[in-house]
Amino acid sequence: MFITFEGGEGTGKTTLIQNVATILRKRHQVITSREPGGSMIAEAIRDIILNPKYKGVTPYTEALLLAAARAQHLDEVIIPALKDHKIVLCDRYIDSSLAYQAYARNLGYKFVLSINHYATLNMPDLTFYIDLDPKVGISRIANRDKYDRLDQETFDFHEKVREGYLEIANMYSTRIVTIDGNQSIDEITNQIVKKIEEKI
Ligand code: TYD
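Residues numbered from 1 in each chain as written. Predicted model: local features only at pLDDT ≥ 70, side-chain atom pairs only at ≥ 80, totals over all residues. Heavy atoms only, no water.

Trainee: So what exactly am I meant to see when it comes to the site of the ligand here?
Mentor: In the vicinity of the ligand, 16 residues are found, and the nearest of them are Lys 13, Arg 70, Arg 92, Ser 97 and Gln 101. Arg 46 places a polar side-chain atom, nitrogen or oxygen, 3.3 Å from an oxygen atom of the ligand. At 2.8 Å from an oxygen atom of the ligand is found a side-chain nitrogen or oxygen belonging to Arg 92. For the ligand, the accessible surface in isolation is 550 Å², of which the surrounding protein chains cover 92%. (Near = heavy atom within 4 Å. Polar contact = N/O pair within 3.5 Å; in protein donor to acceptor, adjacent residues only side chain to side chain. Areas by Shrake-Rupley, 256 points an atom, 1.4 Å probe, with all protein chains shown as cover.)

Structure representation (C-alpha coordinates):
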(Lines give C-alpha, C1' and ligand atoms only; values in the text may rest on other atoms or scores of the structure.)
Protein backbone atom coordinates (compact mmCIF):
# COMPACT_ATOMS: atom_id res chain seq x y z
CA MET A 1 0.00 0.00 0.00
CA PHE A 2 1.34 3.39 -1.05
CA ILE A 3 0.66 6.23 1.44
CA THR A 4 1.86 9.81 1.08
CA PHE A 5 2.06 12.75 3.49
CA GLU A 6 1.61 16.31 2.33
CA GLY A 7 1.61 19.80 3.80
CA GLY A 8 3.40 23.12 3.91
CA GLU A 9 6.56 23.94 5.84
CA GLY A 10 6.69 23.12 9.57
CA THR A 11 3.68 20.79 9.66
CA GLY A 12 5.64 18.06 11.48
CA LYS A 13 5.41 15.46 8.69
CA THR A 14 8.84 13.99 9.37
CA THR A 15 8.10 13.21 13.04
CA LEU A 16 4.61 12.00 12.14
CA ILE A 17 5.88 9.54 9.55
CA GLN A 18 8.39 8.11 12.03
CA ASN A 19 5.64 7.72 14.69
CA VAL A 20 3.21 6.09 12.26
CA ALA A 21 5.94 3.75 10.94
CA THR A 22 6.87 2.64 14.48
CA ILE A 23 3.26 1.68 15.23
CA LEU A 24 2.59 -0.02 11.87
CA ARG A 25 5.84 -2.02 12.05
CA LYS A 26 4.37 -4.09 14.91
CA ARG A 27 2.09 -5.79 12.38
CA HIS A 28 3.29 -4.89 8.88
CA GLN A 29 6.37 -4.49 6.73
CA VAL A 30 6.92 -0.76 6.30
CA ILE A 31 9.43 1.44 4.50
CA THR A 32 9.69 5.22 4.76
CA SER A 33 11.02 7.56 2.10
CA ARG A 34 10.88 11.19 1.01
CA GLU A 35 10.70 13.45 -2.02
CA PRO A 36 12.51 15.06 -3.64
CA GLY A 37 15.04 12.32 -3.04
CA GLY A 38 14.75 8.84 -1.56
CA SER A 39 17.46 7.23 -3.71
CA MET A 40 21.07 8.16 -4.42
CA ILE A 41 20.36 9.66 -7.85
CA ALA A 42 17.15 11.38 -6.73
CA GLU A 43 19.00 12.87 -3.72
CA ALA A 44 21.60 14.31 -6.13
CA ILE A 45 18.75 15.94 -8.08
CA ARG A 46 17.29 17.15 -4.74
CA ASP A 47 20.45 19.09 -4.08
CA ILE A 48 20.07 21.01 -7.36
CA ILE A 49 16.40 21.71 -6.53
CA LEU A 50 16.83 22.87 -2.93
CA ASN A 51 20.38 24.15 -2.44
CA PRO A 52 20.18 27.97 -2.15
CA LYS A 53 23.41 28.21 -4.17
CA TYR A 54 21.33 27.31 -7.28
CA LYS A 55 19.01 30.27 -6.84
CA GLY A 56 18.73 30.67 -10.63
CA VAL A 57 16.64 27.49 -11.08
CA THR A 58 13.54 28.65 -12.98
CA PRO A 59 9.99 27.35 -12.30
CA TYR A 60 9.87 25.06 -15.37
CA THR A 61 13.30 23.60 -14.58
CA GLU A 62 12.27 23.10 -10.96
CA ALA A 63 9.10 21.21 -12.00
CA LEU A 64 11.02 19.04 -14.49
CA LEU A 65 13.79 18.21 -11.99
CA LEU A 66 11.15 17.22 -9.42
CA ALA A 67 9.46 14.96 -11.99
CA ALA A 68 12.84 13.41 -12.90
CA ALA A 69 13.71 12.76 -9.24
CA ARG A 70 10.24 11.21 -8.81
CA ALA A 71 10.67 8.85 -11.79
CA GLN A 72 14.00 7.62 -10.41
CA HIS A 73 12.55 7.21 -6.91
CA LEU A 74 9.59 5.24 -8.30
CA ASP A 75 11.83 2.82 -10.19
CA GLU A 76 14.44 2.36 -7.49
CA VAL A 77 12.39 2.43 -4.30
CA ILE A 78 8.60 2.71 -4.45
CA ILE A 79 7.67 0.19 -7.15
CA PRO A 80 10.02 -2.58 -5.84
CA ALA A 81 8.68 -2.13 -2.27
CA LEU A 82 5.06 -2.28 -3.47
CA LYS A 83 5.87 -5.44 -5.45
CA ASP A 84 7.14 -6.94 -2.16
CA HIS A 85 3.75 -6.02 -0.59
CA LYS A 86 5.31 -3.52 1.80
CA ILE A 87 3.57 -0.41 3.11
CA VAL A 88 5.36 2.63 1.68
CA LEU A 89 5.12 5.84 3.72
CA CYS A 90 6.41 8.73 1.64
CA ASP A 91 7.05 12.31 2.80
CA ARG A 92 5.65 14.29 -0.20
CA TYR A 93 4.80 13.05 -3.71
CA ILE A 94 2.87 14.37 -6.72
CA ASP A 95 0.48 16.56 -4.69
CA SER A 96 3.52 18.65 -3.64
CA SER A 97 4.15 19.34 -7.34
CA LEU A 98 0.47 20.21 -7.82
CA ALA A 99 0.44 22.60 -4.83
CA TYR A 100 3.89 24.18 -5.23
CA GLN A 101 4.58 24.10 -8.99
CA ALA A 102 1.13 23.93 -10.62
CA TYR A 103 -0.71 26.23 -8.20
CA ALA A 104 1.77 28.45 -6.30
CA ARG A 105 4.21 28.83 -9.23
CA ASN A 106 1.32 29.13 -11.72
CA LEU A 107 2.54 26.41 -14.10
CA GLY A 108 -0.96 24.88 -14.17
CA TYR A 109 -2.24 21.40 -13.36
CA LYS A 110 -2.24 20.27 -17.02
CA PHE A 111 1.49 20.88 -17.50
CA VAL A 112 2.50 19.43 -14.14
CA LEU A 113 0.34 16.32 -14.61
CA SER A 114 1.75 15.82 -18.10
CA ILE A 115 5.42 15.88 -17.03
CA ASN A 116 4.47 13.60 -14.10
CA HIS A 117 2.72 11.08 -16.35
CA TYR A 118 4.78 8.21 -14.88
CA ALA A 119 3.74 9.19 -11.35
CA THR A 120 0.09 9.44 -12.40
CA LEU A 121 0.32 5.75 -13.36
CA ASN A 122 1.49 5.05 -9.80
CA MET A 123 -0.82 7.11 -7.63
CA PRO A 124 -0.95 6.74 -3.82
CA ASP A 125 -3.74 4.63 -2.31
CA LEU A 126 -4.10 7.17 0.48
CA THR A 127 -2.75 10.66 1.15
CA PHE A 128 -2.74 12.65 4.39
CA TYR A 129 -2.70 16.41 3.94
CA ILE A 130 -1.71 18.15 7.20
CA ASP A 131 -3.40 21.54 6.98
CA LEU A 132 -1.82 24.39 8.94
CA ASP A 133 -1.77 28.18 8.69
CA PRO A 134 1.66 29.03 7.23
CA LYS A 135 2.07 31.68 9.94
CA VAL A 136 2.21 28.83 12.47
CA GLY A 137 4.25 26.52 10.22
CA ILE A 138 6.88 29.12 9.34
CA SER A 139 7.26 30.19 12.99
CA ARG A 140 7.92 26.53 13.89
CA ILE A 141 10.87 26.33 11.49
CA ALA A 142 12.15 29.84 12.27
CA ASN A 143 14.92 28.63 14.58
CA ARG A 144 16.33 26.08 12.13
CA ASP A 145 19.87 27.04 11.20
CA LYS A 146 19.51 25.81 7.59
CA TYR A 147 16.89 27.05 5.16
CA ASP A 148 16.49 25.49 1.73
CA ARG A 149 15.66 27.46 -1.43
CA LEU A 150 11.91 26.89 -1.03
CA ASP A 151 11.81 27.65 2.72
CA GLN A 152 13.20 31.05 1.71
CA GLU A 153 10.18 31.87 -0.48
CA THR A 154 7.89 34.75 0.52
CA PHE A 155 5.04 34.40 2.97
CA ASP A 156 2.56 34.98 0.09
CA PHE A 157 4.04 31.98 -1.69
CA HIS A 158 3.41 29.75 1.35
CA GLU A 159 -0.16 31.10 1.58
CA LYS A 160 -0.67 30.13 -2.07
CA VAL A 161 0.73 26.65 -1.42
CA ARG A 162 -1.92 26.17 1.27
CA GLU A 163 -4.68 27.43 -1.05
CA GLY A 164 -3.42 24.99 -3.67
CA TYR A 165 -3.45 22.06 -1.26
CA LEU A 166 -7.02 22.84 -0.17
CA GLU A 167 -8.13 22.89 -3.82
CA ILE A 168 -6.28 19.64 -4.59
CA ALA A 169 -7.74 17.93 -1.48
CA ASN A 170 -11.15 18.85 -2.85
CA MET A 171 -10.32 17.59 -6.35
CA TYR A 172 -9.12 14.19 -5.07
CA SER A 173 -11.44 13.91 -2.09
CA THR A 174 -11.62 10.11 -2.09
CA ARG A 175 -7.83 9.73 -1.88
CA ILE A 176 -6.80 12.73 0.25
CA VAL A 177 -7.68 12.93 3.95
CA THR A 178 -7.29 16.44 5.39
CA ILE A 179 -5.97 16.55 8.97
CA ASP A 180 -6.05 19.62 11.23
CA GLY A 181 -2.37 20.39 11.86
CA ASN A 182 -3.11 22.38 15.04
CA GLN A 183 -3.61 19.17 17.02
CA SER A 184 -0.83 17.47 18.98
CA ILE A 185 1.50 15.07 17.15
CA ASP A 186 0.04 12.16 19.20
CA GLU A 187 -3.54 13.03 18.24
CA ILE A 188 -2.60 13.29 14.57
CA THR A 189 -0.61 10.02 14.71
CA ASN A 190 -3.61 8.16 16.17
CA GLN A 191 -6.01 9.53 13.53
CA ILE A 192 -3.66 8.53 10.73
CA VAL A 193 -2.99 5.01 12.06
CA LYS A 194 -6.76 4.45 12.46
CA LYS A 195 -7.41 5.48 8.82
CA ILE A 196 -4.59 3.28 7.53
CA GLU A 197 -5.81 0.25 9.51
CA GLU A 198 -9.33 0.83 8.11
CA LYS A 199 -7.92 0.94 4.57
CA ILE A 200 -5.88 -2.24 5.10
P1 TYD B 1 11.95 19.39 2.70
O2 TYD B 1 13.13 19.91 3.48
O3 TYD B 1 11.83 17.93 2.52
O4 TYD B 1 10.65 20.07 3.26
P5 TYD B 1 9.64 19.64 4.35
O6 TYD B 1 10.44 19.29 5.57
O7 TYD B 1 8.81 20.89 4.48
O8 TYD B 1 8.86 18.50 3.75
O9 TYD B 1 11.99 20.14 1.31
C10 TYD B 1 11.16 19.84 0.30
C11 TYD B 1 10.80 21.13 -0.37
O12 TYD B 1 10.56 20.87 -1.74
C13 TYD B 1 9.54 21.75 0.21
O14 TYD B 1 9.69 23.15 0.30
C15 TYD B 1 8.49 21.45 -0.85
C16 TYD B 1 9.28 21.34 -2.11
N17 TYD B 1 8.69 20.44 -3.13
C18 TYD B 1 8.07 20.99 -4.24
O19 TYD B 1 8.03 22.22 -4.39
N20 TYD B 1 7.51 20.15 -5.17
C21 TYD B 1 7.56 18.80 -5.04
O22 TYD B 1 7.03 18.07 -5.92
C23 TYD B 1 8.21 18.25 -3.88
C24 TYD B 1 8.29 16.76 -3.72
C25 TYD B 1 8.76 19.11 -2.95
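Now that the structure has been shown, the text picks up again.
Trainee: Before we go on, may I ask you to explain the packing of helix H7 (residues 134-141) against helix H8 (residues 155-171) in this structure?
Mentor: What describes two packed helices is the angle between their axes and the distance between those same axes. Where H7 meets H8, the closest approach of the two axes is 10 Å, and the angle between their N-to-C directions is 125°. Relative to H8, the element H7 lies oblique. In this structure, the crossing between H7 and H8 has a hand that is right-handed. On the side of H7, the interface is formed by Pro 134, Lys 135 and Ile 138, while H8 contributes Phe 155, His 158, Glu 159 and Arg 162. Considering only residue class, the contact of H7 with H8 consists of 3 nonpolar, 1 polar and 3 charged. (Axes fitted to C-alpha atoms, helices over the stretch in contact; angles between N-to-C directions. Helix = DSSP H or I, 4+ residues; strand = E, 2+ residues; numbered from the N terminus. Parallel < 35°, antiparallel > 145°, perpendicular 65-115°, else oblique. Left-handed = near helix turned anticlockwise from the far one by under 90°. Contact = heavy atoms within 4.5 Å. Nonpolar A, V, L, I, M, F, W, Y, C, P; charged D, E, K, R; others polar.)

Trainee: What is the right way to look at the packing of aromatic side chains in this model?
Mentor: Evaluated as defined, the whole model comprises 6 aromatic pairs. With a centroid separation of 5.7 Å and an interplanar angle of 35°, the aromatic rings of Phe 5 and Phe 128 are classed as tilted. One end of the pair, Phe 5, is in strand E1 (residues 2-7); the other, Phe 128, is in strand E4 (residues 126-131), and 123 residues separate them in sequence. Both residues of the pair, Phe 5 and Phe 128, count as buried. One aromatic cluster is present, formed by Tyr 100, Tyr 129, Phe 157 and Tyr 165 through successive ring pairs. Between Arg 70 and the ring centre of Tyr 93, over which it is positioned, the NZ or CZ distance is 5.5 Å. (Phe/Tyr/Trp six-rings, centres within 6.5 Å; stacked < 30°, edge-to-face > 60°. Buried < 20%, exposed > 50% of the residue type's maximum accessible area, 1.4 Å probe, protein only. Lys NZ or Arg CZ within 6 Å of the ring centre and 35° of its normal.)

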